[in-house]
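Overview (structure and organization)
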Amino acid sequence: MRLNTFLLLLALLPGSLLADCLQRGTGDMGVIIERASGSVLIIDTSAHEVLSRVEGLGDLSHASVVYSRDERYAYVFGRDGGLTKVDILCGKIVKRVLQGGNSIGGAISQDGKLVAVSNYTPGGVKVFSSDDLSLVADIPATPFKDKHSKTVGLVDAPDQRFVFALYDTGETWILDMTDPAKPALTRFTDTGRLPYDGLITPDGRYYINGLFGEDGLALLDLWHPEKGIRRILDHYGRGEQKLPVYKMPHLEGWAVAGDRAFLPAVGHHEVLVVNMRDWQAAGKIPVHGQPVFVMSRPDGRQLWVNFAFPNNDTVQVIDSETLKVIKTLKTGKGTLHMEFTPRGEEVWISVRDKDEIQVYDTRTMTLKTHFKAQKPSGIFFTDRAHRTGL
Amino acid sequence: MKCFGFAGNAVLGLCLSSSLLAAPTPERKTELLYLLAQDCGACHGMRLKGGLGPPLLPDALHQWNAEQLAQTILHGRPGTPMPPWSPFMTEQEALWLAQQLKEGISQ
């Protein structure tokens, strides 16, 4: 009798406990930010289907997402300092903390145990346990005027490190969290004027800051930090009129194809090409407007580029071999972000003003399907869990 | 301030600070507020609480009058990322937007 009762309970329990949770793998899932309504959509990238909507995530203007290494939990970084852990199988918020006043993205550590957040207010980086979002370390940035410098371009790096830049004071810091009780900082104070974002190469070796205050980028070799910051693509806009920038480019979606890296110019309607062997300029590709994201299809064969206001109704595709624009797509006003499926057969594009996600076949560069989302911005697929710097 | 009977471009600047200026149409106001939230919001935050750019809430703007703010909107702030928005709005539209910022825009 006791055994029967036990079996009966066993049969009932999972059903009641997991009633709202999906029982499936998460490798073809993702999260789409609905920036105006403070919600996220959880999606199935194989079925092109919205699985659920999770609400109550606060101010999601400029929100981004990283994933736990089991690809079950999404950590959503909001503008209002909110850090929210979402269970994408259950479509529920597991934990939410307001960790700062104003923040700009984050990263998850190599071992998946720590989540770091980059803050504008108060300027600095805070590190949390990925498990319960308890505070592990608080790293204030260099004082600037009556505050602390804003921090930008936070990425994870091998050997349990985080790397980020200080916007106001022009610095790059390496934060080593090997011993969570004793965070170790290495500071570089000659990054250049107004670093606005950073990227790390897919192998986790090179960290690059884009500079708003000067024509050039700052490079740090994380295999040889003792060599310090090196300026690359110095004076890339020489002799050209600098154009107004209506939206800052993003570097997070690194674009590396073969030996070459592709970066958005600032104040010039160009994509910059740099040879990664010697970090010398290898060309400029004229494009439709101020590039925001320059993203490489996972195989490196194509680069997809979107643009700042007032040219944010367009996406261009560049052939990475010939460096020519091979397609110009009119996706619609407010084209904010792009995300490739893990092996690159599709790219998903958010079009804010159409309240729409468009899915393109990357081989034919044609629209495959589209579906509704409320003022969508960032799109983040779970395969990011296993990629350094994303 | 009084405007003259003719409205040449040279005179327009003088008329700017006048409360007699025609406000934007309701449709245009909606467009401007959308631009403010979505595109100005890229740097200043969708809720105008700041980001890479400073907050645009009334408390943060008290030291400037609407005319000064309108000039910043139109011509940008050299040496900072703030670009000139004059290609996308008229002077009176910028002034109207500045007045909304001074008063505070309900979310």
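Just so you know, these numbers come straight off a predicted model, no measurement behind them.

Reading guide: rules and limits
Residues numbered from 1 in each chain as written. Chains lettered and ligands numbered in written order. Predicted model: local features only at pLDDT ≥ 70, side-chain atom pairs only at ≥ 80, totals over all residues. Heavy atoms only, no water. Domains from an automatic or database assignment. Contact = heavy atoms within 4.5 Å. Buried area = accessible area lost by both parts, 1.4 Å probe. Salt bridge = Lys/Arg side-chain N within 4 Å of Asp/Glu carboxyl O. Phe/Tyr/Trp six-rings, centres within 6.5 Å; stacked < 30°, edge-to-face > 60°. Lys NZ or Arg CZ within 6 Å of the ring centre and 35° of its normal. Disulfide = S-S within 2.5 Å. Helix = DSSP H or I, 4+ residues; strand = E, 2+ residues; numbered from the N terminus. Buried < 20%, exposed > 50% of the residue type's maximum accessible area, 1.4 Å probe, protein only. Pairing = 2+ DSSP bridges. Axes fitted to C-alpha atoms, helices over the stretch in contact; angles between N-to-C directions. Parallel < 35°, antiparallel > 145°, perpendicular 65-115°, else oblique. Left-handed = near helix turned anticlockwise from the far one by under 90°. Nonpolar A, V, L, I, M, F, W, Y, C, P; charged D, E, K, R; others polar. Expected span 1.5 Å × (residues − 1).

**Regarding the domain arrangement of chain A**
Residues and elements named next belong to chain A. Segmenting chain A into domains produces domain 1 (52-248) and domain 2 (253-389). Of note, the centres of domain 1 and domain 2, computed from C-alpha atoms alone, are 21 Å apart. Taken together, the contacts link 39 residues of domain 1 with 34 residues of domain 2. Between domain 1 and domain 2 lies a buried interface of about 3100 Å² when both sides are counted; carbon and sulfur atoms form 66% of it. Summed over the shared surface of domain 1 and domain 2, the result is one salt bridge.

**Considerations on the packing of aromatic side chains**
Under the criterion given, the structure shown has twelve aromatic pairs over all chains. Chaining the aromatic ring pairs together yields one cluster made of Tyr-246 and Phe-309 of chain A together with Trp-85 and Phe-88 of chain B. Sitting over the face of the ring of Trp-173 of chain A, Arg-187 of chain A holds its NZ or CZ atom 4.7 Å from the ring centroid.

**A short note on the state of the cysteines**
Note on terminology: a disulfide is the covalent bond linking the sulfur atoms of two cysteines. What the rule picks out here adds up to one disulfide over all chains. One disulfide bridge connects Cys-21 of chain A with Cys-90 of chain A, the sulfur atoms lying 2.0 Å from each other. Judged by the sign of its S-S torsion, about 110 degrees, the cystine formed by Cys-21 of chain A and Cys-90 of chain A is right-handed. Of this pair, Cys-21 of chain A sits in the loop between α1 (2-17) and β1 (29-34) while Cys-90 of chain A is found in the loop between β6 (82-87) and β7 (92-98), placing the two residues 69 residues apart along the sequence. Note on Cys-90 of chain A: relative accessible area 14%, which makes it buried. Unpaired in terms of disulfides, Cys-43 of chain B finds its nearest cysteine sulfur in Cys-40 of chain B, a separation of 9.2 Å.

**Things to note about the pattern of salt bridges**
Residue and element names in this part refer to chain A. Applying the stated criterion across every chain yields a total of 25 salt bridges over all chains. A salt bridge links Arg-231 to Glu-214; the nearest nitrogen and oxygen atoms lie 2.6 Å apart. You can see Arg-231 sitting in strand β21 (residues 230-232) and its partner Glu-214 sitting in the loop between β19 (206-211) and β20 (217-221), a full 17 residues away along the chain. According to the relative accessible area criterion, Arg-231 is partly exposed, its value standing at 29%. Given the relative accessible area of 22%, Glu-214 is considered partly exposed. One salt bridge connects Lys-368 with Glu-346, and the closest N-O pair in it is separated by 2.6 Å. One end of the pair, Lys-368, is in strand β33 (residues 366-372); the other, Glu-346, is in strand β31 (residues 346-351), and 22 residues separate them in sequence. Among the charged side chains, a network of salt bridges with common partners joins Arg-24, Asp-28 and Asp-44.

**Structural notes on the pairing of strand β25 (residues 280-286) of chain A**
Residue and element names in this part refer to chain A. The sheet contact formed by strand β24 (residues 270-275) and β25 spans six bridges and is antiparallel. Bridge pairing links Val-274 to Ala-281 in β25. Between the antiparallel neighbours β24 and β25 lie four residues, among them Trp-279 with a positive phi of about 60 degrees.

**With respect to the packing of helix α4 (residues 66-75) of chain B against helix α5 (residues 91-103) of chain B**
Residues and elements named next belong to chain B. As a packed pair, α4 and α5 sit with axes 8 Å apart at the nearest point and diverge in direction by 120 degrees. In terms of their interaxial angle, α4 and α5 are classed as oblique. Along this stretch, α4 crosses α5, giving a crossing that reads as right-handed. Listed contacts from α5 to Ala-66, Glu-67, Leu-69, Ala-70, Ile-73 and Leu-74 of α4 are Glu-91, Ala-94, Leu-95, Leu-97, Ala-98, Gln-99 and Lys-102. Looking at the contact of α4 with α5 residue by residue, the classes come out as nine nonpolar, one polar and three charged.

**Section: α5 of chain B**
All names here are of chain B. With 13 residues, α5 extends 18 Å between its outermost C-alpha atoms, agreeing within 8% with the 18 Å of an ideal straight helix rising 1.5 Å per residue. Turning to α5, its buried residues are Glu-93, Ala-94, Leu-95, Trp-96, Leu-97, Ala-98, Gln-100 and Leu-101. Of the surrounding elements, those touching the buried residues of α5 are α2 (26-44), α3 (58-61) and α4. Directly after α5, the chain includes Gly-104, whose backbone phi takes a positive value near 95 degrees.

**A short note on the sheet that holds β1 of chain A**
Residues and elements named next belong to chain A. Across the sheet, which stays open at both edges, the four strands sit in the order β3-β2-β1-β34 with antiparallel pairing between neighbours. Looking at strand neighbours, the two that pair on one side only are β3 (49-54) and β34 (376-381), the edges of this open sheet. For this sheet, the mean angle separating the axes of adjacent strands, direction not counted, is 25 degrees. Judged from the four bridges that link them, β1 and β34 form a sheet pairing that is antiparallel. When the sheet's bridge partners are listed, Val-31 is paired in β34 with Phe-380.

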